[in-house]
Amino acid sequence: MEAIAAVTGLPAATVFAYGRFARQAGVIGQSGRGRSAAEMNIGDAANLLMAIAGTAVTREAGAAVETFRNLKNGRFYDFQGAEFLTAGINFLAGYSVRPDTSPGTRGVRIPGNFGNFFEFLIKSTLTGQLADLFRHIPAAEIPNDLWAQWINEKDNPHRHKRMEDLIREGLITPHQPETLKFGEHISVEVRFNRLVPSVEIEFLRDWDGPQVMGVVTFGPDRGGKAKGAHRLQLTAGFTQHTLAAVALVVDNMASPSAVATLKPVDSLFARQFSAAKPSDRSAKDA
């Protein structure tokens, strides 16, 4: 609870109120006090995050967890071709998902409920699976000084070219996997829609601006727009940094005060991106 308050900016009293009502509803551990108190596990942490994102009323924490945890109809959609589809399917394989290639199938089906998938997503920040998903997806940007030069040159043709063409012509170099940074070059955003209960998880990269590579959804096919695109939407969300901060504290790898600076989270991701790929390690061992 301290870690969530620290990384989200919510008042600690508010987070503890969510926790108290969630505990009373039986959706997070509640046995004992003091030294005999139950330690929160990933499931408890996922439930607390769902309560916070799922309702603005702390007293409704238990009901919000039940609603969002039990969302089904999970789908994975790729928007940028076979490259991200392959990487996404490899990532989902860690959740025992296999692509459904039945005729007429739209997206990749994700079995089970959102609660279990959310726990998998939180764990993936520790295991490196989330980082590995982005290893295979190029991210790039036009340096500010180069863009300023092109803008100042009235007839410069490069400023109208696609990023793919700039890279192919050697004008721009994609970021190397070991230099990638979550929140700067790539990002994961988990958004909860409160009025029409649904969840949307976007996987983004910097491609001369944020570009959505793929989306995982749970709930109605049209998500928060299920009752009409003109209807009011109230959403709350987290990024990969919140998920990793919670996972580090639950796993006793960092203290709440330490994750408040986000340094342990950034260090975790940096180690994951700089580490040799599993295939590279296997070849070296062989």
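Cut-off values and rules
- Residues numbered from 1 in each chain as written.
- Predicted model: local features only at pLDDT ≥ 70, side-chain atom pairs only at ≥ 80, totals over all residues.
- Heavy atoms only, no water.
- Axes fitted to C-alpha atoms, helices over the stretch in contact; angles between N-to-C directions.
- Helix = DSSP H or I, 4+ residues; strand = E, 2+ residues; numbered from the N terminus.
- Parallel < 35°, antiparallel > 145°, perpendicular 65-115°, else oblique.
- Left-handed = near helix turned anticlockwise from the far one by under 90°.
- Contact = heavy atoms within 4.5 Å.
- Expected span 1.5 Å × (residues − 1).
- Buried < 20%, exposed > 50% of the residue type's maximum accessible area, 1.4 Å probe, protein only.
- 1 Å grid on protein atoms, 1.4 Å probe; cavity = no way out; pocket = protein on both sides within 12 Å on 5 of 7 lines; lining within 4 Å.
- Points joined across faces, edges and corners; volume = space filled by probe spheres on them.
- Nonpolar A, V, L, I, M, F, W, Y, C, P; charged D, E, K, R; others polar.

1. Remarks on the packing of helix α2 (residues 12–24) against helix α3 (residues 42–54)
Okay, step 1: The contact between α2 and α3 brings their axes to 10 Å, and the two run at 115°. Between α2 and α3, the interaxial angle falls into the category roughly perpendicular. Here α2 runs over α3; the crossing is right-handed. Here Val15, Tyr18 and Gly19 of α2 come into contact with α3, specifically with Leu48, Ala51 and Ile52.

2. Side note on helix α5 (residues 82–93)
In an α-helix there are 3.6 residues to a turn, and that puts residues three or four apart on one side.
Okay, step 1: The end-to-end C-alpha distance of α5 is 16 Å, a good match for the 16 Å that 12 residues give at a rise of 1.5 Å each.
Okay, step 2: Taken as a whole, α5 has its buried residues at Phe84, Ala87, Gly88, Ile89, Phe91 and Leu92.
Okay, step 3: Packed against the buried residues of α5 are β1 (74–78), β2 (108–110), α6 (114–127), α7 (129–135), β4 (198–206) and β5 (210–218).

3. Let's talk about the layout of surface pockets
Okay, step 1: Roughly 410 Å³ of volume is contained in the largest pocket.
Okay, step 2: Lining the largest pocket are 19 residues, with Glu200, Thr217, Arg222, Gly223 and Gly224 sitting closest to its centre.
Okay, step 3: The element that contributes the greatest number of residues to the lining of the largest pocket is β4, accounting for 4 residues.

4. Thoughts on empty space enclosed by the protein
Okay, step 1: Under the criterion given, the structure shown has 1 cavity of 30 Å³ or more.
Okay, step 2: Around the largest cavity, the lining residues are Phe76, Phe84, Gly88, Phe91, Leu92, Phe117, Leu133, Phe203 and Val216.
Okay, step 3: It is α5 that contributes the most residues to the lining of the largest cavity, 4 residues altogether.
Okay, step 4: Among the residues forming the lining of the largest cavity, the class breakdown is 8 nonpolar, 1 polar and no charged.

5. Describing the environment of Val15
Okay, step 1: Assignment of secondary structure puts Val15 in helix α2.
Okay, step 2: Judged by relative accessible area, Val15 falls into the buried class, the value being 0%.
Okay, step 3: Along the primary structure Val15 and Ala5 are separated by 10 residues, whereas in three dimensions their C-alpha atoms are 6.2 Å apart.
Okay, step 4: Among residues more than four places away in sequence, those in contact with Val15 are Met1, Ile4, Ala5, Leu10, Leu48 and Ile52.

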